[in-house]
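Report on the structure
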Amino acid sequence: MNLVESLLADGSVPALRDAYRSVRQARLIAPEEPEVHIAAGRFYHAISDPAAARRCYQRTLALDPHNGTARNNLAVVELRQGRPTRAGERLQDVLAERPTDALYQRNAKATALSWTHRLLEFGTLAWLAELVIAQVSGRLWPVRLGAAVLIAGGYLGVAWLRYRRLAPALRRMVRENRYAVPLGAVQVVTVPAIALAWGSESVLARFLLTPLLIVSFAAGAGSLIQLRNRIVVRAVRVVRRWRYRWTVVRPVERPQET
């Protein structure tokens, strides 16, 4: 499969067509060979078709359950689709077997960073929801407090369950993040703070709530930027996938008659 790798490194449309031809031929000749499906997965990854790449890596693992390359590549696919927790699950066995491998360490750090970004996004959603409820409920503080308990409790519960699904090495990377985790904690504290202090005429209540809201707004702005970037990247990948389907896959599957 070195030929496929070299063609993918070229990256031109003619080279990608040749890579696809090689992959199709190899899958016909050696359908039970794990490396063939890994090469196919890399091809689909190169043309931004994560669903097809996932099927290839899953086929590899069906043939060779301990294939570290397939597990790592499958984790990369999950990460590119915005599923850091699932990517972390995929990396768990790989990191346990090869804790010092540079490639796996890079992918693990990217997964941990994506996980913390998602933590901040949901934290932003939590305190914004409580802020809206506070605006609507007015002076009905029991409503605000009940909503705060549900929102903060649900957020912490889901975050903890997803955290527990990460590999121990990824949990350590998440804990070592000096910015995201503290900001997420501030966002969670902001939820009950809004419930208790919103609309209060107490100077002390305002003094305590104001800095929390400022930090939460800053974290929320960063989360919105990350979300925007992820949406743009995903849109670009969708366009790439359809372009390559028409310029690479379709011409190979339906060659023009001469």
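Counting of residues starts from 1 at the beginning of each chain's written sequence and follows it residue by residue. In view of the model being predicted, local features appear only for residues whose pLDDT reaches at least 70, and side-chain atom pairs are presented and counted only at 80 or more, with totals across whole chains, interfaces and linings using the full set of residues. Computation of side-chain values: all heavy atoms of the structure, hydrogens and water removed.

**Details of the overall build of the chain**
- Helix and strand counts for the chain stand at 11 helices and zero strands.
- Think of it this way: any DSSP run of H or I at least four residues long counts as a helix, any run of E at least two long counts as a strand, and we number them from the N terminus. Secondary structure of the chain in N-to-C order comes out as α-α-α-α-α-α-α-α-α-α-α.
- Here the C-alpha radius of gyration of the chain, 24 Å, is well above what a compact globule of 258 residues would show, namely 18 Å.
- For every residue, the accessible area obtained with a 1.4 Å probe (protein chains only) is divided by the maximum for its type, and the residue is called buried under 20%, exposed over 50%, and partly exposed between those limits. Looking at the chain as a whole, 41% of its 258 residues are labelled buried.
- The contact criterion used is simple: two residues touch if any of their non-hydrogen atoms lie within 4.5 Å. Within the chain, contacts between residues separated by at least 24 positions form 64% of all contacts whose residues are at least 6 apart in sequence. Our radius of gyration is a C-alpha quantity, and the globule rule it is checked against amounts to 2.2 Å times the number of residues to the power 0.38.

**Some remarks on the nonpolar core**
- In this text, buried Ala, Val, Leu, Ile, Met, Phe, Trp, Tyr and Cys residues form a nonpolar core when linked through side-chain atoms within 4.5 Å. Ranked by size, the top nonpolar core spans 37 residues in total, and within it Leu95, Leu170, Val191 and Ile194 carry the most contacts.
- When contributions to this core are tallied by element, the ones reaching two or more residues are helix 5 (68-80), helix 6 (84-97), helix 7 (102-137), helix 8 (141-164), helix 9 (168-175), helix 10 (180-197) and helix 11 (203-253).
- Considering every element that reaches this core, the biggest residue donor is helix 7, with nine residues.
- With residues near it in sequence (within four places) discarded, Val191 still touches Ala126, Trp127, Glu130, Ala148, Ile151 and Ala152.
- Ala15, Leu16, Ala39 and Phe43 belong to the second largest nonpolar core, which has 25 residues in total.

**Observations regarding the packing of helix 2 (residues 13-29) against helix 11**
- To get an axis, fit a line to the C-alpha atoms, keeping to the stretch in contact for a helix; angles then go from 0 to 180 degrees between the N-to-C directions. It is at 9 Å that the axes of helix 2 and helix 11 come closest, and there the two elements cross at 45 degrees. Put simply, helix 2 runs oblique to helix 11. When the axes of helix 2 and helix 11 are compared, the crossing they make is right-handed. Residues Val13, Leu16, Arg17, Tyr20, Arg21 and Arg24 of helix 2 lie in contact with helix 11, whose contacting residues are Tyr244, Thr247, Val248, Val249, Pro251, Val252 and Glu253.
- Each residue gets one of three labels, nonpolar for Ala, Val, Leu, Ile, Met, Phe, Trp, Tyr, Cys and Pro, charged for Asp, Glu, Lys and Arg, and polar for the others, Gly among them. Here the contact of helix 2 with helix 11 is composed, by residue class, of eight nonpolar, one polar and four charged. Should an angle fall under 35 degrees it is taken as roughly parallel, and over 145 as roughly antiparallel, whereas 65 to 115 is taken as roughly perpendicular and any remaining angle as oblique. By the definition used in this description, the sense in which the near helix is turned from the far one sets the handedness, with an anticlockwise turn below a right angle giving left-handed and a clockwise turn giving right-handed.

**Examining the packing of aromatic side chains**
- Here a Phe, Tyr or Trp ring, Trp counted by its six-membered ring, pairs with any other such ring whose centre lies within 6.5 Å, and the pair is stacked when the planes are under 30 degrees apart, edge-to-face when over 60, and tilted otherwise. The full count for this structure, using the stated rule, is six aromatic pairs.
- Judged by centre distance (6.4 Å) and plane angle (70 degrees), the ring pair of Tyr20 and Tyr44 falls under edge-to-face. With Tyr20 in helix 2 and Tyr44 in helix 3 (residues 34-46), this residue pair connects regions lying 24 residues apart in the sequence.
- Aromatic rings pair up to connect Tyr20, Phe43 and Tyr44 into one cluster.
- Either the NZ atom of lysine or the CZ atom of arginine qualifies as a charge over a ring when it sits within 6 Å of the ring centre and within 35 degrees of the ring normal. Here the basic side chain of Arg171 rests over the ring of Tyr163, its NZ or CZ set 6.0 Å away from the ring centre.
- Stacked on the ring of Trp242, the Lys or Arg Arg245 has its end atom at 4.7 Å from the ring centre.

**Some thoughts on the pattern of salt bridges**
- Salt bridges are defined as contacts in which a side-chain nitrogen from Lys or Arg sits within 4 Å of a carboxyl oxygen from Asp or Glu. Enumeration according to the criterion identifies nine salt bridges in this entry.
- Close ionic contact of Glu121 with Arg118 constitutes a salt bridge, the shortest N to O distance being 3.2 Å. Note that Glu121 and Arg118 are positioned in helix 7 at a spacing of three residues, about one turn of the helix. Neither residue differs from the other here; Glu121 and Arg118 are each classed as buried.

**Some remarks on a nonpolar patch on the surface**
- Each patch groups residues whose relative accessible area exceeds 30% and which form no salt bridge, using 9 Å between like charges and 5 Å between nonpolar side chains of Val, Leu, Ile, Met, Phe, Trp and Tyr. Only the protein chains shown count as cover for residues, with accessible areas throughout obtained via the Shrake-Rupley method and a probe of 1.4 Å. A surface patch of nonpolar side chains, amounting to about 360 Å² of accessible area, comprises Leu204, Phe207 and Leu208.
- Tracing the backbone shows Leu208 in helix 11.

**Concerning the environment of Val94**
- Within the fold, Val94 resides in helix 6.
- C-alpha of Val94 to C-alpha of Leu156: the two residues are 62 residues apart in sequence and 28 Å apart in space.
- If we skip the residues at most four places from it in the chain, Val94 touches Gly68, Arg71, Asn72 and Tyr104.

**As for the packing of helix 10 against helix 11**
- In contact at an axis separation of 9 Å, helix 10 and helix 11 are set at 140 degrees when each is read in the N-to-C sense. One finds that helix 10 runs oblique with respect to helix 11. Helix 11 is crossed by helix 10, and the crossing has left-handed handedness. For the pair helix 10 and helix 11, contact is made by Leu183, Val186, Gln187, Val189, Thr190, Ala193, Ile194 and Ala197 and by Ala205, Leu209, Leu212, Leu213, Val215, Ser216, Ala219 and Gly220, respectively.

**What about the environment of Val186?**
- With respect to the helices, strands and loops of the structure, Val186 is situated in helix 10.
- It is 36 Å that separates the C-alpha atoms of Val186 and Val238, two residues lying 52 residues apart in sequence.
- Beyond its immediate stretch of four places on either side in the chain, Val186 contacts Leu212, Val215 and Ser216.

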